[in-house]
Amino acid sequence: MSRSEEVGIVPPAELPLALAEAVQTWLAADPDADDRQELARLRIAASSDPAALDRLAACFRAPLQFGTAGLRGPLRPGPAGMNTAVVRRATAGLTAWLLSDDGPPSDGDPPSDKGPLTDKGPPSDDGRSDGPDVPLVVVGYDARHRSAAFALDAARVVAGAGLRVLVLPEALPTPVLAFAVRRLRAHAGIMITASHNPAGDNGYKVYLGGGRTADDPGWGAQLVTPADQEIERRIAQAGPAAALPLSDHWRRLDQGIVTQYIHAAAAAALALAASTTRDPAVPAGSRATGSPVTDTQTTSAQTTSVQVASVQVDDDDDDQLVVVYTPLHGVGGRVLAEVFAAAGAAAPIVVEEQAEPDPDFPTVRWPNPEEPGALDRALALADRVNADLVIATDPDADRCAVAVGGRLLTGDEIGLLLADLVLANRPGPVATTVVSSRSLHALADERGTPHHETLTGFKWIMRADPRLAFGYEEALGYALAPDLVRDKDGITAALAVVLLAAATRQRGRTLLDLLDDLAARLGVHITAQHSVRFAAPDRIAAVMHRLRATPPSHLDGLPVTGRRDLLCPGRPSLGAEAEAEAEAEAEAELPPADVLMLFLGTDRVIFRPSGTEPKLKAYLEVVEPVPGATPAAVGPARARAQTRLTALVSAVNELLTELDDGLRPG
């Protein structure tokens, strides 16, 4: 039976002609029988069911585009969904780019002359060859619906194009794939994941490596412009998915690459923890067994090597740090446990019903630790076992959430704690995004270390400086060892937080006390995020347009004293507010972006469409000085800041609601 006969390709007359032709063309070229069947079912139902017609039209509204380092969207047939055809054509575009003059060179040096990247690499029978002329691609995947199948599709297309390709041994965290790209000196990495998106989504993330030099900060990071545009252009030229050449000449890596990540990640976190006490800080009750990591496995040339065998362990049960952990049905659980074990740290208490990978994420509405309610089960368990700390990783384990004493810390608070820890060991530089708190800038100034501001996303943070010591973004992403993983890594962050909390507990204090200490030194910086979901991206664009055209003169009764528009960097900031003008001086260093900042004295509100979800985000920050920089004055200063922030969130919500209502017909 032909494909046309199989799906009954003749379009019904009721379908709009353009849609009917698009469906027919796609059906003829789709290599996946299940996707063809679903699309054919929708086509038939659409002739009499308006809801089915809407779903069918959504499959063809616009092709998925490279956004946050790749593709991300709902699992559905057609060019506007994640499916076999889209994955194969995306991979064909990537391989064509790798083989073109625009792609990365194939014979350069690794990015560092110290650490594991100086090893001769894995033996030749793992898929690598001595000849450097053929690009190498590493493929990883998480446990979402169709992730493993999409990874195989990508590998077969890469091999079909004549490139070398290695596939990770199983569903694994994104940081392991990012580590493998650098460790294996690959020219590119493909990670099949939708990170913290809803269960019905999947994605395709691209990392770039290749023959890059030590001073290229993008070696092993997520792709950025212009590479994304060049790859997208080649995707458009790839031809029908069903006609792409495929090959099974790919190899699956064994657990060795995972073991290398585990020990290197443990070493990186232990090296940082060494500054918190005379000996490396290990949670009381943990048992160091020999030397699970060695100084040669510490991957940054700037970190201090750690001899784990020298750790002195206190067996007093009353002094144990009790930690609850949830992987939120994702792939972080096993790897995190093994990293903790390699560091000699006690295993956390795991939320049992969320411990195993489950692509349906049955216990959470959104598998995003930022979302309200996502950590309810972990917090409830922590209350039952009287835990000191809660940690959570998102489904692909590149983000980490933390709660202390039942209070969820913001990404900015965690980032500041980790930055202070890193800067106690390494002089910097550090980087964060324009929407993150300015407290990192204040800390960097105090420490006398360089600070960089980037656009939103780790693809930009990692390119801020080739010597980067630490980077973070407020969305729970942290890079404590950029030479190890050139991306955010929730697993190393989780271990570092636990080690810091354990050392702090040994001094009779908590992470909240450390935050008070930092506030006394730097001033109180309180941040919040307010998001509004939209049914269609064009409504988000319309609201942003209205914000630019008629920005508010006041918010919560406070005058707007400055404005910074990253979409129009040539437009002058409004007002004479010194801070706004100082921020505007950095505009020339940033590419244009759909980001609008409003300043209210020392306070700030930033509006930005999400890069991964149909949301418009508002990022708010209130800064309150601490009189006398004394710890006793922190509490009252924080209360004043919180009152102001609460009122500002309400004002922003009213503003966005008013703007959205103004776009509704009638």
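Please read these numbers as outputs of a predicted model, since none were measured by experiment.

1. Describing the overall build of the protein
The number of helices and strands found in the protein is 19 helices and 23 strands. Relative to its full complement of 666 residues, the protein shows a buried share of 56%. Taking the contacts inside the protein whose residues are at least 6 apart along the sequence as the reference set, 72% of them involve residues at least 24 apart. Accessible area for the protein stands at about 25,600 Å²; split by element, carbon and sulfur atoms hold 51% of it.

2. A word on the nonpolar core
Of all hydrophobic cores here, the largest spans 88 residues; its most connected members are Tyr261, Leu389, Leu418 and Tyr478. In terms of residue count, helix 9 (residues 256-273) provides more of this core than any other element does, twelve residues in total. With residues up to four places along the chain from it excluded, the contact list for tyrosine 261 reads Pro175, Val176, Phe179, Val335, Val339, Val485, Asp489, Ile491 and Thr492. Core analysis: the second largest hydrophobic core is formed by 48 residues, Leu39, Leu94, Val139 and Ala241 among them.

3. Description of the packing of helix 2 (residues 17-29) against helix 3 (residues 33-46)
Interaxial distance between helix 2 and helix 3 falls to 10 Å at its minimum, and their mutual angle equals 160°. Taken together, the axis directions place helix 2 and helix 3 in an arrangement best described as roughly antiparallel. Where helix 2 crosses over helix 3, the handedness of that crossing is left-handed. Of helix 3, the residues touching helix 2 (which contributes Val23, Trp26 and Leu27) are Arg36, Leu39, Ala40 and Arg43. Grouping the constituent residues of the contact of helix 2 with helix 3 by class yields five nonpolar, no polar and two charged.

4. Considering the sheet that holds strand 8 (residues 323-326)
Read from one edge to the other, the open sheet built from five strands follows the order 9-8-10-11-12, with strand pairing classed as mixed. Both outer strands of the open sheet, strand 9 (349-350) and strand 12 (407-408), are each paired with one neighbouring strand and no more. By the bridge criterion, four bridges tie strand 8 to strand 10 (residues 389-393) in an arrangement that is parallel. Within strand 10, the residue paired with threonine 326 across the bridge is alanine 392. Docked against the sheet, helix 11 (residues 376-385) engages strand 8, strand 9, strand 10 and strand 11 (400-404), running at close to 160° with respect to strand 8. Strands strand 8, strand 10 and strand 11 of the sheet are contacted by helix 15 (residues 490-506), whose axis makes an angle of about 175° with strand 10.

5. Thoughts on the pairing of strand 22 (residues 603-609)
With seven of seven residues buried, strand 22 is to be regarded as a mostly interior element. Both faces of strand 22 are covered, namely the face carrying Asp603, Val605, Phe607 and Pro609 and the face carrying Arg604, Ile606 and Arg608. Where strand 21 (residues 596-600) meets strand 22, five bridges bridge the pair, whose relative direction is antiparallel. Paired with leucine 598 across the strands is valine 605, a residue of strand 22. Here strand 21 folds back onto strand 22, and the loop between the two strands holds two residues, one of which, glycine 601, carries a positive phi near 65°. Looking at chain direction, strand 22 and strand 23 (residues 615-624) are connected through six bridges and run antiparallel. Across the sheet, isoleucine 606 pairs through a bridge with tyrosine 619, a residue of strand 23.

6. Examining the pattern of salt bridges
Inspection of every chain in the model, using the stated rule, returns 32 salt bridges. Residue aspartate 420 is joined to arginine 447 by a salt bridge in which the shortest nitrogen-to-oxygen separation is 2.8 Å. Of the two residues, aspartate 420 is situated in helix 12 (residues 411-423) and arginine 447 in helix 13 (residues 439-447); the sequence distance between them amounts to 27 residues. A relative accessible area of 38% places arginine 447 in the partly exposed class. A network of salt bridges, in which partner residues are shared, links Asp420, Glu446, Arg447 and Arg521.

7. So, the confidence of the model for the protein
Mean pLDDT over the protein stands at 85; residues scoring 70 or higher make up 82%. In the model, residues 7-12 has pLDDT below 50 throughout and makes 15 contacts with residues more than four positions away in sequence or in other chains. Across residues 107-130, confidence stays below pLDDT 50; counting only partners more than four residues off in sequence or on other chains, it has 43 contacts.

8. Things to note about helix 16 (residues 511-522)
In this model helix 16 runs 16 Å from its N-terminal to its C-terminal C-alpha over twelve residues, within 8% of the 16 Å that 1.5 Å per residue would give. Residues Leu511, Leu514, Leu515, Leu518, Ala519, Ala520 and Leu522 constitute the buried set of helix 16. Regarding helix 16, its N-cap is threonine 510, as a side-chain oxygen of that residue lies 3.2 Å from the backbone nitrogen of leucine 512 further along. Positive backbone phi, approximately 90°, marks glycine 523, located one or two places after helix 16.

Criteria and thresholds
Residues numbered from 1 in each chain as written. Predicted model: local features only at pLDDT ≥ 70, side-chain atom pairs only at ≥ 80, totals over all residues. Heavy atoms only, no water. Helix = DSSP H or I, 4+ residues; strand = E, 2+ residues; numbered from the N terminus. Buried < 20%, exposed > 50% of the residue type's maximum accessible area, 1.4 Å probe, protein only. Contact = heavy atoms within 4.5 Å. Areas by Shrake-Rupley, 256 points an atom, 1.4 Å probe, with all protein chains shown as cover. Core = buried A, V, L, I, M, F, W, Y, C linked by side-chain atoms within 4.5 Å. Axes fitted to C-alpha atoms, helices over the stretch in contact; angles between N-to-C directions. Parallel < 35°, antiparallel > 145°, perpendicular 65-115°, else oblique. Left-handed = near helix turned anticlockwise from the far one by under 90°. Nonpolar A, V, L, I, M, F, W, Y, C, P; charged D, E, K, R; others polar. Pairing = 2+ DSSP bridges. Salt bridge = Lys/Arg side-chain N within 4 Å of Asp/Glu carboxyl O. pLDDT = per-residue confidence, 0-100. Expected span 1.5 Å × (residues − 1). Polar contact = N/O pair within 3.5 Å; in protein donor to acceptor, adjacent residues only side chain to side chain.

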